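Here is how the chains run, residue by residue.
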Amino acid sequence: MKVLGIESSCDETAAAIVTDDRKILGSSVLTQLEHKIYGGVVPEIAARAHLDHIDEIIEDTFKQANLRPDEIDAVAAAAGPGLIGGVVVGVMAGKALALALNKPFIAINHLEGHALAARLSNDVEYPYLLLLVSGGHCQILIVKGVGEFERLGTTIDDAAGEAFDKVAKMLNLGYPGGPMIEKMAELGDENRFVLPRPLANSGDCNLSFSGLKTAVRKIIESYSPDNNIEHAIIRKQDVADICACFQLAATDSLVRKLQKAIGIFKSKYPNGKDLVVSGGVAANTYLREHLKTLAEKEGLIFAAPPIKYCTDNGVMIAWAGMERALKGLYNDLDFKPRPRWPLDGNAPKAAGAGGVKA
Ligand code: KG4
Ligand code: ZN
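Residues numbered from 1 in each chain as written. Chains lettered and ligands numbered in written order. Predicted model: local features only at pLDDT ≥ 70, side-chain atom pairs only at ≥ 80, totals over all residues. Heavy atoms only, no water.

Caption draft 1: Highlighting the coordination of the zinc ion (ligand 2). Those protein atoms acting as donors to the zinc ion (ligand 2) are His110 (NE2), His114 (NE2) and Asp312 (OD), and they sit at 2.0 to 2.1 Å. Between consecutive donor residues of the zinc ion (ligand 2), the sequence gaps follow H-x3-H-x197-D. With histidine 110 and histidine 114 both in helix H3 (residues 110-121), this residue pair falls four residues apart, about one helical turn. Its relative accessible area of 8% is what places histidine 110 among the buried residues. Residue class for histidine 114 comes out buried when judged on its relative accessible area of 2%. (Donors = N, O, S within 2.8 Å, 3.2 Å for Na, K, Ca; no water. Helix = DSSP H or I, 4+ residues; strand = E, 2+ residues; numbered from the N terminus. Buried < 20%, exposed > 50% of the residue type's maximum accessible area, 1.4 Å probe, protein only.)

As structure tokens, then:
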């Protein structure tokens, strides 16, 4: 069985084709560079850029796979949550293909794409404990099966990736900030500045990054003659030290809350064995290493998608589509894209009588 997946919910226009025996036959990703000068994603520019490139990305994917469109078995598209202008472009492309080819359509929750991605390249079994850390989300979940999630904790303010991006912006490191912070942190002293671990003693699995961001801002302000970060003059080594301390604090906050979540996971599912991290921030090698150490200490197996499939891509949508297709979970062609779509509620169920089915 072969499923095409389409992703367009933020600033990557992407498509991929995967098989039920976990092969990636083609994968094409275009990261929109148009946003760099704005220091963040501009929704209207993103939507137009998706529209300009979606056809060529899908064509390229079929070319890589050496397949004709009618040789796939289903079309999956990320239908939310995300920037609605972009989501609509991918969903419309997916529905049009499904209709023209008379194949089933599958609406994928972008977060489910991230959540299931590790199962494509690792032997991860349900139920597993998941840290989902991206530019828009930061959650700790138990993944019990397709469309079955139990949220143990979430950020009460910024997402983890958002915090990386905001700190990078304050340090003029460009967008997206995560990869730049990671690179600079390698050169820095992570013990130089003391930074807070917000909500460390809250007793639950919730997270917060806004206080950490404010603490970093205060350090940067101290390098400015008038306490204005725009006027701060910081040597490269100081920037590296700030990045290293921030990365340590963010990682430490995530590890502490995961430690708590592991206790809950183990008591609910004594046979559960995997700790998974996914989403754009899961591309961070420093975080991956710390989570691996935590998993080993707790007797769990650490798993994550390969680094290139942590940030948004078509493979994760195609794979989530495959998991749904294998269960016959298809959607009607009138499925409406959802700008907000929490993972632990309201997952789309199998299509009703009017649905296009295999
Ligand atoms: O999953 P993703 O591509 O898009 C969303 O669904 O949000 O995640 C993008 C986020 C950005 O905030 C980016 O800065 C962060 O992932 N990111 C990283 C790294 N690579 C990407 N954060 C930390 N370290 C990285 N190496
Ligand atoms: Zn994402």
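Caption draft 2: Examining the sheet that holds strand S7 (residues 138-145) more closely. Strands sit in the order S8-S7-S6-S9-S10 across an open sheet of five strands; the sheet is mixed. Edge strands, defined here as strands with exactly one partner in the open sheet, are strand S8 (148-154) and strand S10 (301-303). Averaged over neighbouring strand pairs, the angle between their axes works out to 25 degrees when direction is ignored. Where strand S6 (residues 128-133) and strand S9 (residues 274-278) come together, four bridges link them in parallel fashion. Within S9, the position partnered with leucine 130 by the bridge is valine 276. Contacting S6, S7, S8 and S9, helix H7 (residues 236-268) crosses the sheet at an angle of about 155 degrees to S6. (Pairing = 2+ DSSP bridges. Axes fitted to C-alpha atoms, helices over the stretch in contact; angles between N-to-C directions. Contact = heavy atoms within 4.5 Å.)

Caption draft 3: Main features of the packing of helix H4 (residues 160-170) against helix H6 (residues 210-221). Orientation of H4 relative to H6, taken along the N-to-C sense of each, is 10 degrees, at an axis distance of 10 Å. On the basis of the axis angle, H4 is roughly parallel to H6. For the pair H4 and H6, contact is made by Lys166, Val167 and Met170 and by Lys213, Val216, Arg217 and Ile220, respectively. Tallied by class, residues from the contact of H4 with H6 come to four nonpolar, no polar and three charged. (Parallel < 35°, antiparallel > 145°, perpendicular 65-115°, else oblique. Nonpolar A, V, L, I, M, F, W, Y, C, P; charged D, E, K, R; others polar.)

Caption draft 4: Structural detail: the packing of helix H1 (residues 43-65) against helix H2 (residues 84-101). Packing of H1 against H2 leaves a shortest axis separation of 8 Å and a crossing angle of 30 degrees. Between H1 and H2, the angle is such that the two are roughly parallel. For the pair H1 and H2, the crossing hand works out as right-handed. Side by side, H1 and H2 meet where Ala47, His50, Leu51, Ile54 and Ile58 of the first sit next to Gly85, Gly86, Val89, Gly90, Ala93 and Leu97 of the second. Residues belonging to the contact of H1 with H2 are distributed by class as follows: seven nonpolar, four polar and no charged. (Left-handed = near helix turned anticlockwise from the far one by under 90°.)

Caption draft 5: Molecular detail of the domain arrangement of the protein. When the domains of the protein are assigned, the result is domain 1 (2-116 + 310-352) and domain 2 (126-303). Averaged C-alpha coordinates put domain 1 and domain 2 at centres separated by 27 Å. With 21 residues of domain 1 at the contact, the number on the domain 2 side is 22 residues. Contact between domain 1 and domain 2 buries roughly 1700 Å² in total, counting both sides, with carbon and sulfur atoms accounting for 64%. Looking only at domain 1, the three residues that lose the most surface to domain 2 are Cys310, Leu343 and Asp344, adding up to 29% of its buried area. Linking domain 1 with domain 2 are zero salt bridges, by the criterion used here. Counting across the domain 1 and domain 2 interface gives six residue pairs in polar contact (both at pLDDT 80 or more). Elements that contribute at least two residues to the side of domain 1 that touches domain 2 include exactly H3 and helix H9 (314-326). It is H3 that contributes the most residues to the side of domain 1 that touches domain 2, five residues altogether. (Domains from an automatic or database assignment. Buried area = accessible area lost by both parts, 1.4 Å probe. Salt bridge = Lys/Arg side-chain N within 4 Å of Asp/Glu carboxyl O. Polar contact = N/O pair within 3.5 Å; in protein donor to acceptor, adjacent residues only side chain to side chain.)

Caption draft 6: Expanded view of the layout of surface pockets. Here the largest pocket defines a volume of roughly 1300 Å³. Residue lining of the largest pocket: 48 residues in total, with Cys10, Ser134, Gly135, Gly136 and Tyr175 positioned closest to the centre. Where the lining of the largest pocket is concerned, the elements lending two or more residues are H3, H4 and helix H5 (177-185). When residues in the lining of the largest pocket are grouped by element, the largest group, six residues, is from H4. Broken down by class, the residue content of the lining of the largest pocket amounts to 17 nonpolar, 20 polar and 11 charged. (1 Å grid on protein atoms, 1.4 Å probe; cavity = no way out; pocket = protein on both sides within 12 Å on 5 of 7 lines; lining within 4 Å. Points joined across faces, edges and corners; volume = space filled by probe spheres on them.)

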